[in-house]
Amino acid sequence: MSDWTLLAIAIALCLALIGVCVGLVLSGPGRARARHRRARPERSSFRKESKDEPSRRAAIIINPTKFDDVSLVRAELTQASTQLGWAEPLFLETTAQDPGTGQTRQALDQGVDLVCPLGGDGTTRAVAVALAGTRTPMGLLPKGTGNLLARNLDIPVGADLIPALRVAYSGRNKAVDVAWLELDPAEEPATDDSGQAEEPVEGPPVQRHPFLVMAGMGFDAEIMGGTSEEFKARVGWSAYFVTGFRKLFVGRFRVRWSIDGRVQDPALARAIIICNCGTLQGGIQLVPSGRVDDGLLDGVVIAPKTLIGWGSIALRVLGRSEKDGIELIRTTGAVYTVDVDEPHPVQVDGDVIGEASRLRVSVDQQALIVRVAGG
């Protein structure tokens, strides 16, 4: 190779090097980064693509008593799940012996990403027992009479389940409180609630019943126990108002109670209600300031003497007034204890669990993850 050839190669290499340096200077660091951003692939492209990679999968815990044809519902939800990019759901049906807790544990053992109770507040409550304290979220598919938790969380409620399913699949996670009602061991429940509370409970033989919306003794439990499933199926949640009118003057009873260990003045009440949520059927706000995620409960003593007293309560509640009086006493705390002279009916989330004369109610703050709108 001649000296001229070597000189030409050296000059070419020098010019190329100078061109690269000039280009970097002219582009500047900001432009270099801009080119890098445009060229950077999507985050998903770094994942190893595989046709065998499983899609996200939900378990749907169905209360079959809410439907005339469960197979049609399953087909509809399967098609919608596929369209929303999820795998065919794992369908499990509740039974009289197990209203949803055992089925939820079975679903968790199979590694599902989401568990959806499809039923009323009772089914939701049973599913919540198994999900509380886990990182697996619950997606509400409301199909009951009250659907109070769904209403308090602004989950779509109606005949069409797809809007609620869409929230369950693509909504954001919200941690909510789980409340627990404890009955004295000597109290005998009217219904078997072991499917919800037997296995999660440890320690003394106290009957513990979880609830997400509210528990009560007296008037409200009388309403729940006095409203038949057939009547609710015909007229919906307004059936509770019809029964409630008949129960307006259920006998008053003396309530001795405490809040976080502080003894309150006794009251002659027709009902005492402990709320985890503040909104009732029809959007009625019994506790306007109530929140489902603050680690606190709202206790309400309802104590009207006459029809005028009931009217005063109605005006305050319907007007969303937070002003109380002798007929309506609203309080806030983390632990409530209640003692009465004679056993009275007790309900949790609309299910009457029997009669009791002593109650203790506490709360586990943000123990349950629920999907809500706003992904």
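Structure: above.
Here we summarise the structure given alongside this text.

Procedures and definitions
- Residues numbered from 1 in each chain as written.
- Predicted model: local features only at pLDDT ≥ 70, side-chain atom pairs only at ≥ 80, totals over all residues.
- Heavy atoms only, no water.
- Pairing = 2+ DSSP bridges.
- Helix = DSSP H or I, 4+ residues; strand = E, 2+ residues; numbered from the N terminus.
- Contact = heavy atoms within 4.5 Å.
- Axes fitted to C-alpha atoms, helices over the stretch in contact; angles between N-to-C directions.
- Phe/Tyr/Trp six-rings, centres within 6.5 Å; stacked < 30°, edge-to-face > 60°.
- Buried < 20%, exposed > 50% of the residue type's maximum accessible area, 1.4 Å probe, protein only.
- Lys NZ or Arg CZ within 6 Å of the ring centre and 35° of its normal.
- Core = buried A, V, L, I, M, F, W, Y, C linked by side-chain atoms within 4.5 Å.
- Parallel < 35°, antiparallel > 145°, perpendicular 65-115°, else oblique.
- Left-handed = near helix turned anticlockwise from the far one by under 90°.
- Nonpolar A, V, L, I, M, F, W, Y, C, P; charged D, E, K, R; others polar.
- Salt bridge = Lys/Arg side-chain N within 4 Å of Asp/Glu carboxyl O.
- Polar contact = N/O pair within 3.5 Å; in protein donor to acceptor, adjacent residues only side chain to side chain.

A separate point is the sheet that holds strand E3 (residues 114-119). Spatial ordering of the open sheet is given by E2-E1-E3-E4, a layout of four strands whose pairing is parallel. Two strands close off the open sheet at either side, each with one partner strand: strand E2 (90-93) and strand E4 (141-142). Seen against the sheet, helix H4 (residues 121-131) touches strand E1 (58-62) and E3 and runs at an angle of roughly 160 degrees to E3.

This next bit is on the packing of aromatic side chains. In this structure the tally under the stated criterion is two aromatic pairs. Aromatic side chains Trp86 and Tyr169 sit 4.2 Å apart centroid to centroid with 5 degrees between the ring planes, which places their arrangement in the stacked category. With a gap of 83 residues between them, Trp86 in the loop between helix H2 (70-83) and E2 and Tyr169 in helix H6 (residues 162-170) connect regions that are remote in the sequence. You can call Trp86 buried: its relative accessible area is 5%. Centre to centre, the rings of Phe219 and Trp310 are 5.0 Å apart; their planes meet at 45 degrees, and the pair counts as tilted. Of the two residues, Phe219 sits in helix H8 (residues 219-226) while Trp310 sits in helix H11 (residues 307-318), which places them 91 residues apart along the sequence. For Arg208, the ring lying beneath its charged end belongs to Trp180, and the centroid distance is 4.1 Å.

Okay, the nonpolar core next. Grouped together as the largest cluster of nonpolar side chains are 66 residues, with contacts concentrated most on Leu77, Leu118, Met138, Leu149, Leu153 and Leu368. For this core, the leading source of residues is H6, giving six residues. With near-sequence residues (within four places) excluded, Leu118 lies in contact with Ile60, Ile61, Ile62, Asn63, Phe67, Val73, Leu77, Thr123, Leu141, Lys143 and Leu161. By size, the runner-up hydrophobic cluster in this structure holds 27 residues, among which are Ala215, Ile274, Ile353 and Ala356.

What follows is about the pairing of E3. In regular strands, side chains alternate between the two faces of the sheet. Burial analysis of E3 places six of its six residues in the buried class, which makes it a mostly covered element. A two-sided burial pattern is seen for E3, the buried positions comprising Leu114, Cys116 and Leu118 on one face and Val115, Pro117 and Gly119 on the other.

Axis separation between H2 and H6 bottoms out at 11 Å; the angle between their running directions is 45 degrees. The angle between H2 and H6 places the two elements in the oblique class. The two elements H2 and H6 meet at a crossing, and its hand is right-handed. Contact residues: H2 offers Glu76, Leu77, Ala80 and Ser81, while H6 offers Ile162, Leu165 and Tyr169. In terms of residue class, the contact of H2 with H6 is built from five nonpolar, one polar and one charged.

A word on the pattern of salt bridges. All chains considered together, the criterion is met by eight salt bridges. Between Asp293 and Lys174 there is a salt bridge; the shortest N-O distance is 3.0 Å. Taken as a pair, Asp293 in the loop between strand E11 (271-275) and strand E12 (297-302) and Lys174 in strand E5 (residues 172-183) lie far apart in primary sequence, 119 residues in all. Here Asp293 falls in the buried class, since its relative accessible area comes to 13%. A salt bridge links Glu327 to Arg316; the nearest nitrogen and oxygen atoms lie 3.8 Å apart. Of this pair, Glu327 sits in the loop between H11 and strand E13 (328-333) while Arg316 sits in helix H11; the two residues are 11 residues apart in sequence, bridging distant segments of the chain. Arg316 matches Glu327 in its accessibility class, with the two residues each being buried.

Turning our attention to the environment of Val213. By secondary structure assignment, the location of Val213 is in the loop between strand E6 (207-211) and strand E7 (214-218). Note on Val213: relative accessible area 2%, which makes it buried. As a C-alpha pair, Val213 and Leu280 span 67 residues in sequence and 9.0 Å in three-dimensional space. Beyond its immediate chain neighbours, meaning those up to four positions away, Val213 contacts Leu148, Leu149, Ile274, Cys275, Asn276, Cys277 and Asp349.

Within polar-contact distance, the side chain of Asp293 engages the side chain of Lys174 at 3.0 Å. Within the local environment of Asp293, its side chain forms a polar contact with the side chain of Arg291, the two groups lying 3.0 Å apart. Every residue in contact with Asp293, bar those within four places of it in the chain, is listed here: Lys174, Ala175, Val176, Asp177, Gln365 and Gln366.

Two residues of an α-helix separated by three or four positions point the same way, owing to the 3.6 residues in each turn. By the criterion of burial, H4 is predominantly enclosed, with 11 of the 11 residues buried. The set of residues buried in H4 consists of Asp121, Gly122, Thr123, Thr124, Arg125, Ala126, Val127, Ala128, Val129, Ala130 and Leu131. At the exit of H4 stands Gly133, carrying a positive phi of roughly 85 degrees.

Distances and angles like these do not, on their own, reveal function.
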